[in-house]
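Survey of secondary and tertiary structure
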Amino acid sequence: MKCPGEQYQMPVPKTMCSICVDEDCGGYYGPATVRMVSNNGPPLPMPMQVPPGHMVQQIVDEHGILTHVILSPQPPGMPGSPMTGGPNNGAQYYPPYGPPYPSPPQYSTHHHPHPGAGTPPHMHPGVHHAHIHPPPPSHNCNNHASAHSAGPSSSPASHHLDERTVRQRDKMKAKYDRRVQDGYYQSGPAPSRRTKSKRTSARNERNKEITASNKGVSQTMATLSTSPTQNGDDIEEERRELQQQLTSMPAPKISDVEARSALIQLDSPDYDQSVYDLINPADFCYELLLSEKGRDGKYKPVYTKYPGKLGDATEITLKDLKPATEYFLKASTLLDDIRGSPTDPVSFKTLCCEPDPPQSPRLSQKTKTSITLKWNSTAENGARIQTYTLECDQGQGEGHFVEVYEGLSRQFRLSKLQASTRYLFRLAAVNSMGKSGYSETSSFYTSGSVPSQPDPPMLSEAFVNALTISWIKRPNDDDFTLHMEDECTGHGFITVYNGPNLSHIVKTLRRNSEYRFKLAARNEEGQGKWSDVVCYKTLPDRPGPPVKPQSKGKVYAQSFRVTWDPPKDDGGSEVTSYTVEMDDGGGYDIVYNGPDREYVCERLTPGHSYRVRAKCRSAGGVSDYSECCTVTTQAVAPGQCQPPKLQGKPKASSLHLRWNYPEKDGGAQVTDFTAQMSFPDNTSREVYRGRDLDCIVAGLSPGRPYLFQVRAHNKAGAGPWSDPLEVVSGAGVPDAPKAPVVTCKSPHSAIISWEEPVNNGATISEYKLEWLQRADFDYIQLYLGSSQSYEVRGLIPASQYSFRVQAINSAGSGPFSSPVTCVTPSSSPAPVVSIRYSAAATTIALTWKEPNCNGSEIIAYNIDVGEKNLTVVSSITEHTLEGLSPETTYKIRIQAVNDIGVGAFSAPIKVTTRALPPNPPRLECISTLPNSLKLRWGDGRNQDMVKYTLEMEKEDGSFVAIHTGPAHTHKVNKLSELTSYEFRIFASNDAGDGPYSDTFTFTTTKAPPPALKAPRVSETGLSHCVLEWTGIKPIGSDCIHYLLQIQALAAKEVEYKEVYRGPNTSYRLTNLSPRTEYQARVCAVRQSTSRSGDITGAFSPGTVFNTLSPAPQRTLITKTVETKISEPKQLTDQQWAMIILFGFVLFAVLVAFIAQQIISYTSHTSSRQ
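Residues numbered from 1 in each chain as written. Predicted model: local features only at pLDDT ≥ 70, side-chain atom pairs only at ≥ 80, totals over all residues. Heavy atoms only, no water.

A few words now on the overall build of the protein. Counting its regular elements, the protein contains four helices and 76 strands. For the protein, with 1169 residues in total, the buried portion stands at 39%. The long-range share in the protein, meaning contacts at least 24 apart out of those at least 6 apart in sequence, stands at 65%. Of the roughly 65800 Å² that the protein leaves accessible, carbon and sulfur atoms contribute 49%. (Helix = DSSP H or I, 4+ residues; strand = E, 2+ residues; numbered from the N terminus. Buried < 20%, exposed > 50% of the residue type's maximum accessible area, 1.4 Å probe, protein only. Contact = heavy atoms within 4.5 Å. Areas by Shrake-Rupley, 256 points an atom, 1.4 Å probe, with all protein chains shown as cover.)

Structure follows, in structure tokens:
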């Protein structure tokens, strides 16, 4: 190295560096660290030029490579001899340094001047020049100059250091291979800090890099001391080493630079493939940063190349660049989430090119024969504009342009043009690189004269309330003004349109009215003369509908006269004709068309309704139809009906007649019909009058001829009789027999007999006998046959029955006779049915339904129980048999007794007595808590499926059941602390409920205080800190104290130590060890006022904290700034073990609770079954 402005250069055997300090610097701010990389041999002292009052330190890394040379002020008291590094100087100052530097950090490329730069540097005598070779690209670090020369053969010491270097490299390669196998360098996101902390048992402390800067100086400096590494791998260190390898990317190469593009060639980083042989260059990601505001300007990412099969180089073409612009380019390499430092900026400048297309020219001034144009300058793109070219189409409008101007002026006046003509213009710029593209085309008109008098406006189309006026446009016309005059208003001509259109619709005009119009043309020069005045008339409107037609005079059965009035609105023209339409139900038909306003409608149907409507016609068109007028003609009597028809066969005393409507109803609806019957003696009578189309004629004599006729009626009167129908009546049904005779033979049977009635002309073929068993039932058939008597059996004693009989012949069934009633005699009771029982151990309770007494009241019951005598009970229907043996089967039957005799026994039933109920078990309390008691009874076995009922005494002294089931334990919850409760229990089985047990009394305990939150740590120092926690309220009359315990995690203490007990919610810990990890916890203690003992609550979660480390001793460093990288504290192995143990215990408790619930549910279900 050499200082700027100085020509001092010292030959050295291997590598030489000269360091100077500029006197213009405002002051020295710290040591300057210059990284020197040498891979040619062992770390030998390097001769250096040192300014007066300074000293030099040289550092080698863990591979034995000389990496850093540090220049710093000489401390007070240090001998003033400068450092000499040549072989002729035996005294050299090397301060002690720690183990080899693990990984060289990155430094910026800046120089540190010193006020002593004016003094020539100290020269070492006897040092010869060596042949200097340029450093290879792979070892160029931050623009620091370094030289390597081929020295003499290695000495034995050099050979020993080479072997150590090989071993260090092998060790680093093995460590990298393990990281690759563990997945730390796989594609994708890097492992999280939490995962790395789990893999690392203890983190090594590293030396902190200390940086300082002065005005305009940004040289990076680092401390010299490094702490020894412990066993294990430091992943962060490896990431920095890998980042250092990515930083060795060569600067991008720029070629094929054009005006708007450039070709960029990138090379992959020259990393140490012997160590990182598993890295694939195809996994690299490249990023380009571009700045157009100078080397120190803001760089923006313009391109990112993602991993792919790119080989060792990548070519990228940057496009859309600005011509004649200097750019600065940087490149950086990324591997997963590891980013290397950008390369040094490389500058390039794009080429010049033709100008950008200019903007369209603007109109500045115009006359009838000239146009003056102006335009703005355009981008020159690196070459000065030489001329502007203006082209014009000469007013032809065919797209053929001719150059009319060429020069540097940005204004031009084009003359000798035609008036009122449209011209097109376009502009281009020319520089030394060529001609730009043309601007957008501009269109401008020259001035002219006012338009001449136009032709009168024309009528395009006339409407009722509007007129469409149109006109012709001439070349010199731009806008038009249309005036209209309405003579009725007296306002004269008024403007109705002003614009460039060639037609206009004048609206809101009166119908069938005349209007006057005139037109004037206008352009930029002014308005021309008015055209001649023309008159146009609107069309008439169609008339309104006529007034609703009305009938005139009397309406006859086949004709009527209709009249109507003209419409109220004739539409502005006279009505010329009327059209009348009539609807008879099949649609409207035209019946009249003419100028008259009345008409006679003939040949109509009587009693029919007709609808009449009218419309009118004029020059404006046809009107709408008027409202409808409804006229109904008069009705007449209906026509003759067809002869009636016989419906079915005639009967002896009646027949059924049916008829239809007449063919003509006379114009009115048929209201009713009349039927008359003529007897053989030529007399007749009316047998029906009504609206139905059939009737039944009764009161006939069997076998006689009759004549029947029918006629229809409407509101006009009765029509003629129909032709007669002759009918002969048939035979009749028999008369009703006399009441039958009933004779009871026994309580269960009777004989019914009857006499033959009158047969009415036909022999009686059979009789039907019906009976009624109950008053709320209907008669049902009992017998059907030709006999005149019948014996009925199966009657109920002391019951009432009714009988009736009917005779049947060929004509049908005659009427029933009068009913006859009889009562059967009484009898012994019926058998007992529906016996129910309820068995106990020594008793059987019987209930039964009272049987039918058969007419005599039941006075007693006989109960037969196996071998015992009959048990006689009164007329009650329930009885309890006592004195029976448990678990014994009995056969029971019952019979009823009345005054007539003894009834039959019931069907026997078998009843088995039950076993005796169980005795109550003894209660005991197996678990006592502040708000619950767990009770147990029995021996835990329940083979007989006994059900237990546990009761607890309430405040009013009564007991309430709190548990029923086959279980032998029960937990009573929601109790009060220090409270006595009384319980009792009884057992039940199929035999019934057993007796109650004695009353047992159990008392709950005191409740412990709740768990606290984790304590908070503040004011942490080397040997002290303050712990605070959230207090709780006192429980009842008891006060709350707190117990604080701590545990030193670094010493791997298993038990906590009590450090405080008292009522305060904070405590200051002292006498702690510096840089030691502690864990603190706190719990609440309930102190009883009744001297029953203190109750300690659960401890809070532990809070882990570290005491501060003592400040490091400063050596040889005048002013440093410490940068501490804070990392989150990770859980220790003991803490992870406690978390896993707690999770396992929670899971075991959950499984036990679910198993207990399943067993309880199964037992309860089986007991129900």
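For the rest of this paragraph, the subject is the pairing of strand S32 (residues 575-583). Among the nine residues of S32, eight are classified as buried, and the element is accordingly described as predominantly covered. Where S32 lies against strand S35 (residues 609-618), eight bridges are found, and the strand directions are antiparallel. What sits directly across from Val575, in S35, is Ser618. Across six bridges, the pairing between S32 and strand S33 (residues 588-594) is antiparallel. From the neighbouring strand, Met582 faces S33, where its bridge partner is Asp589. (Pairing = 2+ DSSP bridges.)

What follows is about the state of the cysteines. Note: disulfide means a covalent bond formed between the sulfur atoms of two cysteine side chains. Taken as a whole and assessed by the stated rule, the structure comprises zero disulfides. Free of any disulfide, Cys352 has its nearest neighbouring cysteine sulfur in Cys353, separated by 7.6 Å. Look at Cys352 and you get partly exposed, because its relative accessible area is 30%. (Disulfide = S-S within 2.5 Å.)

A word on the sheet that holds strand S23 (residues 467-470). Taken in spatial order, the three strands line up as S22-S23-S26 in an open sheet, and their pairing is antiparallel. Both outer strands of the open sheet, strand S22 (458-462) and strand S26 (503-506), are each paired with one neighbouring strand and no more. Neighbour-to-neighbour, the strand axes of this sheet turn through a mean angle of 25°, independent of strand direction. Inspection of the sheet shows S23 paired to S26 by four bridges, in the antiparallel sense. Directly across from Ile469, in S26, lies its bridge partner His504. (Axes fitted to C-alpha atoms, helices over the stretch in contact; angles between N-to-C directions.)

Here we come to the nonpolar core. One broad trend across soluble globular proteins is that nonpolar side chains are buried collectively. Ranked by internal contacts, the top residues of the largest apolar core, which has 23 residues, are Ile264, Leu266, Ile279, Phe284, Leu288, Leu321 and Phe348. Of the residues forming this core, the biggest block, four residues, is contributed by strand S11 (residues 326-335). Ala839, Leu881, Ile892 and Ile894 belong to the second-largest nonpolar core, a separate cluster that totals 19 residues. (Core = buried A, V, L, I, M, F, W, Y, C linked by side-chain atoms within 4.5 Å.)

Before going further, it helps to spend a moment on the pattern of salt bridges. Working definition: two side chains of opposite charge can pair if their charged atoms are close together. Under the counting rule described, the total for this entry stands at 33 salt bridges. Salt-bridge contacts for Asp486 lead to Arg510; the nearest nitrogen and oxygen are separated by 2.6 Å. Placement of the pair is Asp486 in the loop between strand S24 (479-485) and strand S25 (493-499) and Arg510 in the loop between S26 and strand S27 (514-523), with a sequence separation of 24 residues. Judged by its relative accessible area of 10%, Asp486 is buried. (Salt bridge = Lys/Arg side-chain N within 4 Å of Asp/Glu carboxyl O.)

What follows is about the confidence of the model for the protein. A residue-level look at the protein finds 78% of positions with pLDDT of 70 or above and a mean pLDDT of 78. The low-confidence segment residues 185-232, where pLDDT is below 50, has 102 contacts with residues more than four positions distant or belonging to other chains. Scored below 50 in pLDDT, residues 1115-1127 shows 17 contacts in the model against residues more than four places distant or in partner chains. (pLDDT = per-residue confidence, 0-100.)

What follows is about the side chain of Asn714. Its place among the elements puts Asn714 in strand S43 (residues 705-714). Since its relative accessible area comes to 7%, Asn714 is described here as buried. Within the structure, the side chain of Asn714 is placed 2.9 Å from the backbone nitrogen of Ala716, a separation counted as a polar contact. With sequence-adjacent residues up to four places away left out, Asn714 is seen in contact with Val636, Ala637, Pro638, Asp665, Gly666, Ala668, Gln669, Val670 and Thr671. (Polar contact = N/O pair within 3.5 Å; in protein donor to acceptor, adjacent residues only side chain to side chain.)

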